[in-house]
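Observations on the model geometry
Below, each chain spelled out in residue letters.
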Amino acid sequence: MVGACMGELPRLPCCVLQKVLCPLYYYHQKHPVNLILLGLFTVAISFAVGMTCAFTSGKVILESAILTTVVVVSLTAYTFWAVRRGKDFSFLGPFLFASLIVLIVFALIQILFPLGKFSQMIYGGLASLIFCGYIVYDTDNIIKRYTYDQYVWAAVSLYLDVINLFLSLMTLFRAAD
């Protein structure tokens, strides 16, 4: 009985993410519902990241966590500084979207035709650069474009950027380890 339940455990975050992210987008301005859905989304993502970390060495997790923290703080400070000086990062949107599509296709190619650790390092490095761009882009959107009532969706977008940066750095360091 326990073995049957454990087989379903890895699929739980994916099911919750599918069933929470769409309603979260729809109800992102409805006050009590949006916070409940945000909490469920955060728990599901943290469970998925925890399952990923469970099968990774502590050294890789520590390196990824430290580098993620330094990069997020640095890029956020830079974006606030640049926006005060009149810079606009909205031009990054189409480039980041196109590079994300390339990254997804690259991941599908790796799934179908495994290319080894070097291609995993390339994937992790490219993904890290792309999500660094998304951190700058979404921070700029939070400063300039999101209204006060859109705080939940702004938090989700920045949260996903940070989580994806952490996971891509883990992919890079795991392949190099």
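Values in this document were obtained by computation on a predicted structure and should not be read as measured data.

Helix and strand counts for the protein come out as seven helices and zero strands. The linear arrangement of helices and strands in the protein, starting from the amino end, is α-α-α-α-α-α-α. When burial is assessed residue by residue, the protein has 33% of its 177 residues classed as buried. Sequence-distant contacts in the protein: of pairs separated by 6 or more residues, those separated by 24 or more amount to 79%.

The next thing to look at is the layout of surface pockets. Taken as a whole, the second largest pocket holds about 170 Å³ of empty space. Lining the second largest pocket are Gln110, Gln120, Tyr123, Thr171, Arg174 and Ala175. If one sorts the elements of the lining of the second largest pocket by residue count, helix α7 (residues 151-176) sits on top with three residues. Looking at the lining of the second largest pocket residue by residue, the classes come out as two nonpolar, three polar and one charged.

Within the UniProt annotation, "transmembrane region" (unreviewed entry) is assigned to residues 35-58, 64-83, 95-115, 121-139 and 151-173. In residues 121-139, the share of helix is 100% and the share of strand is 0%. The end C-alpha atoms are 27 Å apart. A helix fraction of 100% and a strand fraction of 0% characterise residues 151-173, whose end C-alpha atoms lie 33 Å from each other.

Time to look at the pattern of salt bridges. Per the counting criterion, the structure on display carries four salt bridges. A salt bridge links Asp88 to Arg145; its shortest N-O distance comes to 2.9 Å. Of this pair, Asp88 sits in the loop between α4 (58-84) and α5 (92-112) while Arg145 sits in the loop between α6 (117-144) and α7, and the two are 57 residues apart along the sequence. Since its relative accessible area comes to 37%, Asp88 is described here as partly exposed. On the basis of relative accessibility, which here comes to 39%, the residue Arg145 falls in the partly exposed class. In this structure, Lys144 and Asp140 form a salt bridge, with 3.5 Å as the shortest nitrogen-oxygen distance.

Here we come to the environment of Ser74. Relative to the helices and strands, Ser74 resides in helix α4. The partly exposed category is assigned to Ser74, whose relative accessible area is 41%. There is a polar contact of 2.7 Å between the side chain of Ser74 and the backbone oxygen of Val70.

Burial of nonpolar side chains together is a common tendency in soluble globular proteins. Counting residues in each nonpolar core, the largest one holds 30 residues, and the members touching the most others are Val49, Leu75, Leu92, Phe131, Tyr134 and Leu165. Not counting chain neighbours up to four residues away, the residues in contact with Phe131 comprise Leu100, Leu103, Asp161, Asn164, Leu165 and Ser168.

Next up on the list: the environment of Tyr78. Residue placement: Tyr78 occurs in helix α4. Taking the relative accessible area as the measure of exposure, Tyr78 reaches 37% and is therefore partly exposed. Expressed as a C-alpha distance, the spacing of Tyr78 and Val136, which sit 58 residues apart in the sequence, is 8.3 Å.

Scoring rules and cut-offs
- Residues numbered from 1 in each chain as written.
- Predicted model: local features only at pLDDT ≥ 70, side-chain atom pairs only at ≥ 80, totals over all residues.
- Heavy atoms only, no water.
- Helix = DSSP H or I, 4+ residues; strand = E, 2+ residues; numbered from the N terminus.
- Buried < 20%, exposed > 50% of the residue type's maximum accessible area, 1.4 Å probe, protein only.
- Contact = heavy atoms within 4.5 Å.
- 1 Å grid on protein atoms, 1.4 Å probe; cavity = no way out; pocket = protein on both sides within 12 Å on 5 of 7 lines; lining within 4 Å.
- Points joined across faces, edges and corners; volume = space filled by probe spheres on them.
- Nonpolar A, V, L, I, M, F, W, Y, C, P; charged D, E, K, R; others polar.
- UniProt positions renumbered as here; feature names shortened; annotations may be inferred.
- Salt bridge = Lys/Arg side-chain N within 4 Å of Asp/Glu carboxyl O.
- Polar contact = N/O pair within 3.5 Å; in protein donor to acceptor, adjacent residues only side chain to side chain.
- Core = buried A, V, L, I, M, F, W, Y, C linked by side-chain atoms within 4.5 Å.

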